[in-house]
Amino acid sequence: MTHRAVIPSFFLFGEPLKTVEGKFLHLEDLDDRSRPNDWNIRAHAHADLNHVFHIATGAGVMHVEALTIPFAAPCLLLIPAGAVHGFVYEADTTGAVLTIADSYLRDLAGREPDLADIFRAPAQLPLGAKSPIAVSLANLSRELVWTAPARGAAVEAHLLTVLVEALRLLAQAQAVNPTVQGAQASLVARFRELVETHYRAGWPMSAYAERLGVTVGRLRAACLKVAAAPPLRLVQDRMVLEAKRALLYSNMTIAEIGYHLGFDDPAYFSRFFAKAEGLSPRSFRDNRPGDR
């Protein structure tokens, strides 16, 4: 039996995959892909591309991973590379979609580390009347098609204005629950990167700690402080997320999803999922939201 890929993956939506390198940057009108798709963008992912959506008028719903996030203009939507996302827009919603390669973001974060925080997680950020985002995006759009002197510097200047505004809006939104800074936050970020690669391998926590060069106790303390959860919970959360993706976006059986995640016993996988989500994998699949 042939199974669909768990997640449709594109370069830009609807375009074949290709390698993304260097300072790749793309800006287009929201209308360009939304109107031809009847304002419904099916769930998909981009491995190496981050998105900033500027919603200028209209509204809709963003489905990102297992979350459903309503939004209304004016606002920004932030989508990290690798996150499964889709949209249902109100007809004639307007705005712009800015896409930045992970490689470019890492380059910018090497010069200004705070920029790395923008795409830690999906977000919806309301915009004030005096936000410079619309003007900055219009200027960026102009520079991207010009061949005027110092074009590269101008492009990056307008891009940085957008990213800094997004970062500050994100910081304001998180002010009620400040992110822990410093060595512990860095350790947890490195741990999450390892989890992303090895969560299906069944590593003991000692293996993660050894790779990170710390004790299990230090890793646990950092995770509790930064993520308010022990490290094992973070691994389990990542496994549950992948299970949800498979249940929503593939035609694999429950047993096949369990094997895909490293479980030898499908019944144990079902108990694991039910304990985490409060319902069985079958119930989760049968009660999925409308078209994502």
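Residues numbered from 1 in each chain as written. Predicted model: local features only at pLDDT ≥ 70, side-chain atom pairs only at ≥ 80, totals over all residues. Heavy atoms only, no water.

Looking at the environment of Val235
Then comes step 1: Relative to the helices and strands, Val235 is located in helix α8 (residues 231-249).
Then comes step 2: Taking the C-alpha atoms as reference points, Val235 and Arg200, separated by 35 residues in sequence, lie 9.1 Å from one another.
Then comes step 3: The contacts of Val235, once residues within four sequence positions are left out, are Phe191, Val195, Tyr199, Met205 and Tyr208. (Helix = DSSP H or I, 4+ residues; strand = E, 2+ residues; numbered from the N terminus. Contact = heavy atoms within 4.5 Å.)

Regarding the sheet that holds strand β9 (residues 123-126)
Then comes step 1: Read across the open sheet, the five strands follow the order β1-β8-β3-β6-β9; overall the sheet is antiparallel. Each edge of the open sheet carries a strand with a single partner, namely β1 (25-29) and β9. When the angles between neighbouring strand axes are averaged without regard to direction, this sheet yields 15 degrees.
Then comes step 2: Pairing of strand β6 (residues 75-79) with β9 involves four bridges; the strand directions are antiparallel. Residue pairing across strands places Leu77 opposite Gln124, the latter belonging to β9.
Then comes step 3: Contacting β3 (49-57) and β8 (94-101), helix α2 (residues 102-111) runs over the sheet at an angle of about 75 degrees to β8.
Then comes step 4: Along the sheet face, helix α3 (residues 133-145) touches β1, β3, β6 and β8 and points at about 110 degrees away from the line of β1. (Pairing = 2+ DSSP bridges. Axes fitted to C-alpha atoms, helices over the stretch in contact; angles between N-to-C directions.)

Some points on the pairing of β3
Then comes step 1: The buried count for β3 comes to seven of nine residues, which makes it a mostly enclosed element.
Then comes step 2: Bridging between β3 and β8 involves eight bridges; their strand directions are antiparallel. When the bridges of β8 are listed, Leu49 appears paired with Ala101. (Buried < 20%, exposed > 50% of the residue type's maximum accessible area, 1.4 Å probe, protein only.)

Considerations on the side chain of His85
Then comes step 1: You can see His85 is positioned in strand β7 (residues 85-89).
Then comes step 2: Reaching out from His85, the side chain makes a polar contact with the backbone oxygen of Ala83 at a distance of 2.9 Å.
Then comes step 3: Excluding residues within four positions of it along the chain, His85 makes contact with Arg42, Ala43, His44, Ala45, His46, His51, His63, Val64 and Ile79. (Polar contact = N/O pair within 3.5 Å; in protein donor to acceptor, adjacent residues only side chain to side chain.)

Some details on the packing of aromatic side chains
Then comes step 1: For the structure shown, the criterion picks out eleven aromatic pairs.
Then comes step 2: Measuring from ring centre to ring centre gives 5.2 Å for Phe263 and Phe272, while their planes differ by 45 degrees; the resulting arrangement is tilted. Neither residue differs from the other here; Phe263 and Phe272 are each classed as buried.
Then comes step 3: Ring-pair connections join several aromatic residues into one group, and the members of that group are Phe263, Tyr268, Phe269, Phe272, Phe273 and Phe284.
Then comes step 4: Just above the ring of Trp146 sits the side chain of Arg142; from NZ or CZ to the centre is 4.9 Å. (Phe/Tyr/Trp six-rings, centres within 6.5 Å; stacked < 30°, edge-to-face > 60°. Lys NZ or Arg CZ within 6 Å of the ring centre and 35° of its normal.)

What about the confidence of the model for the chain?
Then comes step 1: The predicted model of the chain averages 84 in pLDDT, with 88% of residues at 70 or higher.
Then comes step 2: Contacts from residues 7-18, a stretch scored under 50 in pLDDT, to residues over four places away or in other chains number 36 contacts. (pLDDT = per-residue confidence, 0-100.)

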